[in-house]
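Letter by letter, the chains look like this.
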Amino acid sequence: MLEGLNPSQREAVVHSGGPLLIVAGAGSGKTRVLTHRIAYLLGERGVHPGEVLAITFTNKAAAEMRERVEALIGPRARMMWVSTFHSACVRILRREHEHLGLPSSFTIYDADDSRRLMTQVARDLDLDVKRNPPRGLLAAVSALKNELVDHESARDAAESDREALIAEVYSVYQNRLIASRALDFDDLIMTTVNLFQAFPAVAESYRRRFRHVLVDEYQDTNQAQYVLVRELVGTSAASSPAGSGAPVTEDGPVPPAELCVVGDADQSIYAFRGATIRNILEFEADYPDAKTILLEQNYRSTQTILSAANAVIERNRGRKPKNLWTDSGQGEPIVGYVADSEHDEAAFVANEVDRLTDEGLAKPSDVAVFYRTNAQSRAFEECFIRVGLPYRVVGGVRFYERKEVKDVLAYLRALANPDDSVSLKRVINVPKRGIGDRAEAMLDALAARERISFGAAVDRADEAYGLAARSLNAVRGFAALMADLRGKVAEGAGPSEVLEAILERTGYLAELQESTDPQDESRAENLQELVAVAHEYEGAEGSEGVTGFLERVALVADADQLPDGGEGMITLMTLHTAKGLEFPVVFLTGLEEGVFPHTRALGNVQELEEERRLAYVGITRARQRLYFSRAVLRSAWGAPSYNPQSRFVEEVPQELITWEREAPAPSSTAFGTQTPALTASANKSRKTGFKSLGTSGREPVSVVPGDRVVHDTYGLGTVVAVEGRTGEHATVDFGSEGVRKLVLAFAPLQKL
DNA sequence: TCTCAACGTCCCGCC
DNA sequence: GACGTTGAGA
């Protein structure tokens, strides 16, 4: 069990007793250590698999871990719980629902459903959606939930109008969720925590059961997950020095479970969904008798790549120093390339892949292209299709996020849960059946008056005031349709059968088939695929009808069961998706201020640090060859923009980089000194409507702090301050080009 | 109530 | 550039 492990890894595997923190640098064999540890526990230490709870962040990681452990110790491994936080919570909630007065089946709302609901809430509260976009409200509500604040106390604690508003929105939103018998993603965890805190006996039973709790990617846990782990483990604070092997008696207090968490603060890239690095940084404070093991030896990358990664991440403040090292040698230098445009950038990648393949240095499947945002994949896809390079895009518009799939699933959800108003409203007029806004509003009014759900109001549409006869007929027809389908569910039809009935009887499929839009053809195919997925689910063990299918679909958001693509495919993905993976050859593209780091992070130290961690993650995915590329001119949302080089490139020691094509020297003498290619793009862009800069006839710009501007030489910047009575001077932050003070009347500056 | 076109917003990332 | 939303007109 221990062969092939270095001393630190070995120590982590065999550690027994108190809480264990494994700080695992990128490529240090973290997954290996974790799986070996579980295998060691089950093998050498004689732990029963049922006593193990391993928590990962993605279903994919969970499946992989289960597989690996099974490979080590055999089918016994199937008895342990390996799942994501969310799946584990759903399992617990379903099992303990009667404690909470929760229905045994509930609908899980994803981000899109939550946004729809929030939009309705905002509308009902007469909020100015411009000033309070649902997205922003949702983020605020999510933050509140994560702090485990109930809405009464939130309202009492509110000091500003804004806080009071959020508390109000929170309470309405939460009530709507309850009325819809739905939980959103935050609720899943928070409700479980509440359950444990409100019913100590329930918590106790899980503590008795799970004697070993392992958490992967601990740096990505949020407050709620942190508390959940504490509840599951049982606080060791007051108890004796965590007695290992102490017999668990039926009555006495349960000694804390053995907790083992693994993570790397430098790879924390999910602050946007509430993750706090604090959890990993303060682990030793939270668990005083914790043992920390540092894994710094890297088995993945060359020293050049590691040096680059170290240099970048070092710029972050307040981090614990860590130095990745390897004994596998310097390797190839990083190759840099400055492209004229995003198309040029894609062409460079394609050429380079061709060259590597021709020279036998790599297969296409060894190559990954990373970008900051999904939208950037398009340029690469176009180029790869043109030159005939096989590729696959991981992530992007996921199967379950497609409109047609969500529509049909909404039908299924509305059938399974008649109170699910969000799903019902989504499909009440899809396909068009003459139930418009007005009819919906009347039904809403009826629901409010009679204190019934929207679904019930649909069934009692005859009682609604102000419903035109034509609308009433339409609603009646819809209600009959739903009743009919519901009957099918009641007869015990499986999800695939019900889905097929939905496709047929609602006319959804017919509409797609009659359409001439070629996109609708692939939509119809997606729906067939959905039916196939349902079929497969029915065949699998432990399938639980329509409800179980819906639950699974909600939790398995990413359809990464997509065919492995086999040998010859280049992998395209965002940096976020790349975490946890490795490739011999990695292209880090779009290294431009405003792209990566993203514009929205430019003015904010915390967010910049998160971007930097993302850069660190990207760099450390590479095993042998790493490429940096950027485009001087990039068309973002239809309009061209010039972005200066990303600061992350400049943070890498320049001797590590060999530039295959360099940026034209920034010169103030306008176009004359620029490369011909650049001038050509500039001319082209002028034709496509980008106003020429730095030439005569330009009106003086007036800017305010926060404005985004483009400068002829310095590129994209953000206005920091404006001085002078009429704002003659402006201080502009051009990112890597520095902060410049400009005279607005003369500066070749344009507002974006 | 539907359709079309103009308009604005988005384009950060995920369970 | 692509989407969803909004407003006028049918």
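Residues numbered from 1 in each chain as written. Chains lettered and ligands numbered in written order. Predicted model: local features only at pLDDT ≥ 70, side-chain atom pairs only at ≥ 80, totals over all residues. Heavy atoms only, no water.

### Observations concerning the pattern of salt bridges
Threshold: The working definition used for a salt bridge is a side-chain nitrogen of Lys or Arg within 4 Å of a carboxyl oxygen of Asp or Glu. Going along the chain from the N terminus, every DSSP run of H or I of four or more residues is numbered as a helix, and every run of E of two or more is numbered as a strand. A 1.4 Å probe rolled over the protein chains alone gives each residue an accessible area, and that area as a share of the maximum for its type sets the label: buried under 20%, exposed over 50%, partly exposed in between.
A full pass over the atoms with the stated rule returns 53 salt bridges. With its nearest N and O atoms 2.3 Å apart, the salt bridge here joins Asp220 to Lys579. Placement of the pair is Asp220 in the loop between β6 (212–215) and α11 (223–233) and Lys579 in the loop between α26 (575–578) and β13 (583–588), with a sequence separation of 359 residues. Both residues of the pair, Asp220 and Lys579, belong to the buried class. Among the ionic pairs, Glu359 bridges to Arg355, the shortest N-O distance being 3.2 Å.

### Some details on helix α2 (residues 30–43)
Which entries qualify depends on this criterion: Helix span is expected to be 1.5 Å times the residue number reduced by one.
A rise of 1.5 Å per residue sets the reference length of α2, with its 14 residues, at 20 Å; its end C-alpha atoms lie 20 Å apart and thus fit the reference within 8%. For α2, every residue scored as buried is listed here: Lys30, Val33, Leu34, Thr35, His36, Arg37, Ile38, Ala39, Tyr40, Leu41 and Leu42.

### Examining the packing of aromatic side chains
Given two aromatic rings, their pairing is described by the distance between the two centres and the angle made by the two planes. To keep it simple, the criterion reads: For Phe, Tyr and Trp, where Trp contributes only its six-membered ring, two rings pair if their centres lie within 6.5 Å, and the inter-plane angle classes them as stacked under 30 degrees, edge-to-face over 60, or tilted in between. Ring-over charges, as used throughout, are those where CZ of Arg or NZ of Lys falls within 6 Å of the ring centre and within 35 degrees of the ring normal.
Taken as a whole and judged by the stated rule, the model has 18 aromatic pairs. On the numbers, 4.8 Å between centres and 35 degrees between planes, the contact of Phe283 with Tyr287 is tilted. For Phe283, a relative accessible area of 0% puts it in the buried group. When the ring centre of Trp81 is taken as reference, the NZ or CZ atom of Arg91 above it lies at 3.9 Å. The ring of Tyr287 carries the charged tip of Arg230 above its face, separated from the ring centre by 4.8 Å.

### What about the confidence of the model for chain A?
Spelled out, the test is: Each residue carries a pLDDT score, the predictor's own confidence in it, on a scale running from 0 to 100. Should any heavy atoms of two residues lie within 4.5 Å, those residues are considered in contact.
Mean pLDDT over chain A works out to 84, with 85% of the residues at or above the 70 mark. Of all the helices and strands in chain A, helix α29 (residues 676–687) carries the lowest mean pLDDT, 35, while β6 carries the highest, 96. Note on residues 237–249: pLDDT is under 50 here. Beyond four places in sequence and across chains, it has 10 contacts. Note that pLDDT drops below 50 for residues 667–700; the model gives that stretch 35 contacts with residues more than four away or on any other chain.

### Re the protein's contact with DNA strand B
Quick reminder of the rule: Near is defined per residue: the residue qualifies when any heavy atom it owns lies within 4 Å of the molecule or strand. Think of a polar contact as two N or O atoms within 3.5 Å of one another; within protein, one of them needs to be a possible hydrogen donor and the other a possible acceptor, and neighboring residues in sequence only count if both atoms come from side chains.
What surrounds DNA strand B is a group of 28 residues, the closest being Phe272, Arg372, Ser471, His598 and Trp637. Within the side chain of Ser471, a nitrogen or oxygen atom sits 2.5 Å from a phosphate oxygen of DNA strand B. Here His576 contributes a side-chain N or O atom positioned 3.3 Å from a sugar or linking oxygen of DNA strand B.

### As for the side chain of Arg634
Its place among the elements puts Arg634 in strand β14 (residues 622–636). The exposure class of Arg634 is buried, given its relative accessible area of 9%. Excluding anything up to four places from it in sequence, Arg634 contacts Glu342, Glu345, Gln376, Gly590, Glu592, Val595, Ala639, Pro640, Ser641 and Asn643.

### Regarding the environment of His86
Counting through the fold element by element, His86 comes out in helix α4 (residues 85–100). Separated by 29 residues in the primary sequence, His86 and Phe57 place their C-alpha atoms 8.7 Å from one another. Setting aside its immediate chain neighbours within four residues, His86 contacts Phe185, Leu188, Ile189, Gln225 and Leu555.

### A few points about the UniProt feature "binding site: ATP" (unreviewed entry) in chain A
What counts here: UniProt positions are given in the numbering used here, feature names are shortened, and annotations may be inferred rather than shown by experiment.
With numbering matched to this structure, UniProt assigns "binding site: ATP" (unreviewed entry) to Ala24, Gly25, Ala26, Gly27, Ser28, Gly29, Lys30 and Thr31. Here Ala24 shows up in strand β1 (residues 20–24). When residues no more than four places from it in sequence are discounted, the contact partners of Ala24 are Lys30, Val262, Gly263, Asp264, Gln267 and Leu295. Note on placement: Thr31 falls in helix α2. A relative accessible area of 26% places Thr31 in the partly exposed class.

### Thoughts on helix α22 (residues 495–505)
Given 3.6 residues per turn, any residue in an α-helix points the same way as the ones three and four places further on. Restricting attention to buried positions, one finds in α22 the residues Pro495, Ser496, Val498, Leu499, Ala501, Ile502 and Leu503. Packed against the buried residues of α22 are α17 (403–416), α21 (469–490), α23 (508–514), α24 (518–539) and α25 (545–555). Taken from the residues just after α22, Gly507 is the one with a positive phi, measuring 80 degrees.

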